[in-house]
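Okay, here's what each chain looks like letter by letter:
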Amino acid sequence: MSMNRPVRRVLMLFVSATVAILLHACSGSDKESETSESSRAMTDDSLCITVARKVSSEFAKELKSTLVKAMKEGGAVNAINVCRTMAPEIAAKHTQAGVYSIKRVSDRNRNPDNLADSVELEIMARFADTTGEPQSYISRWVTAQDHGSFVYYAPIRTGQVCMKCHGSPETMEAEVRDILRTNYPEDRATGYQPGDLRGLLVVTIKWPEGKEWAEKLIAEQEK
Ligand code: HEC
């Protein structure tokens with residue numbers, strides 16, 4: 001009798017482990033139907049990447065030229081105001097509700113609306129990791145119950161021109177520092193060095209809703 005107990009215990013352990021594995025497998029496949037990455041046809045994937053790259057580079061170019069122009073016209077103080085009103089406007093211009101959208105996010109955000117979520121933080125960590133091949137973008141497919149989207153992430157890095165408003169508060173123009181403090185009391189976007197990872201450009205294309213728009217954009221480009 002005394003020999004039986006350990007045997008039974010081992011058996012029970014085995015049974016509970018099997019149940020645990022089965023349960024785990026179930027929850028795993030549940031998750032899979034929510035978020036499956038890179039399981040699409042190559043054509044959709046390359047179409048989305050091409051379009052996202054185009055949209056994000058046009059957005060970045062427009063933002064930067066607006067910023068540089070405002071700095072030339074009235075220095076950093078003027079440019080902050082331009083940034084504050086123009087950045088969301090430019091983002092809105094490069095957005096079509098229900099089809100595609102573009103935004104900037106950061107782990108150390110200035111505007112409270114621009115805080116990176118947990119997935120975006122993970123993507124930022126991948127761009128910050130300099131041990132592997134440097135990546136110019138990361139993309140993923142997100143599949144929900146009846147619709148999906150393609151999400152494209154590109155790193156935003158700081159250059160010298162950014163330092164006036166994102167550099168060390170000690171070396172910042174006093175007036176710039178004051179305006180930032182007044183407008184962004186919870187500002188975390190200072191203390192950067194040139195070349196630092198500042199945030200992400202995120203392009204989201206609804207799928208299949210965005211397909212027609214994407215194909216049209218490519219066709220126009222090829223004309
Ligand atoms: C004249 C000051 C100024 C300069 C120069 C400037 N920024 Fe900003 N930046 C701002 C302001 C103001 C905001 C908040 C805009 C808003 O309210 O949407 C901002 C927001 C951002 C954001 C969005 C995330 C967040 O923290 O809210 C990113 C990313 C960013 N800046 C990157 C850059 C980069 C890269 C450069 C250099 C190419 C740069 N900025 C130069 C003032 C500046």
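Look up a bit, the structure's there.
Reference entry: report on the structure contained in this document. This structure is a prediction, so every number in the text was calculated from the model and none was measured. Within any chain, residue numbers begin from 1 and follow the written order of that chain's sequence. Totals for whole chains, interfaces and linings use every residue, but because this is a predicted model, local features are given only for residues with pLDDT of at least 70 and side-chain atom pairs only at 80 or more, for both listing and counting. Water and hydrogen atoms play no part in the side-chain values, which are based on all heavy atoms of the structure.

A few words now on the coordination of the iron atom of the ligand. Only nitrogen, oxygen and sulfur atoms count as donors, using a 2.8 Å cut-off from the metal that widens to 3.2 Å for Na, K and Ca. Water is left out, so coordination shells may look unfilled. Donation to the iron atom of the ligand from the protein comes from one atom only, His166 (NE2), at 2.1 Å. Looking at the secondary structure, you find His166 in helix H4 (residues 163–166). Secondary structure elements follow DSSP: runs of H or I no shorter than four residues count as helices, runs of E no shorter than two count as strands, and numbering proceeds from the N terminus.

Near the ligand there are 20 residues, and of these Arg110, Cys162, Cys165, His166 and Tyr184 occur at the shortest range. Between the ligand and Arg110 there is a distance of 2.6 Å, counted from an oxygen atom to a backbone nitrogen or oxygen. Broken down by secondary-structure element, the contributors of at least two residues to the shell around the ligand are helix H2 (42–93), strand E3 (148–157) and H4. The dominant element in the shell around the ligand, judged by the number of residues it contributes, is H2, at six residues. Any residue outside Ala, Val, Leu, Ile, Met, Phe, Trp, Tyr, Cys, Pro, Asp, Glu, Lys and Arg is labelled polar, Gly included; the first ten of those are nonpolar and the last four are charged. Its residues assigned to classes, the shell around the ligand shows eleven nonpolar, four polar and five charged. Definition of nearness: a residue and a molecule or strand are near each other if at least one heavy atom of the residue lies within 4 Å of the molecule or strand. In protein, a polar contact means a hydrogen-donor-capable atom and an acceptor-capable atom, both N or O and within 3.5 Å, with residues adjacent in sequence counting only if both atoms are side-chain atoms; elsewhere, any N or O pair within 3.5 Å suffices.

Turning to the sheet that holds E3, a few remarks are in order. Strands sit in the order E1-E4-E3-E2 across an open sheet of four strands; the sheet is antiparallel. Looking at which strands have only one partner, the edges of the open sheet turn out to be strand E1 (100–105) and strand E2 (138–143). Pairs of neighbouring strands in the sheet enclose a mean axial angle of 20°, with direction left out of account. In this description, contact between two residues means that some pair of their heavy atoms is separated by no more than 4.5 Å. Lines fitted to C-alpha atoms define the axes here, with helix axes fitted over just the stretch in contact, and angles between the N-to-C directions of these axes take values from 0 to 180 degrees. Contacts from helix H3 (residues 118–128) reach E1, E2, E3 and strand E4 (197–207) within the one sheet, and its direction differs from that of E4 by about 125°. A pair of strands is treated as paired once DSSP finds two or more bridges between them.

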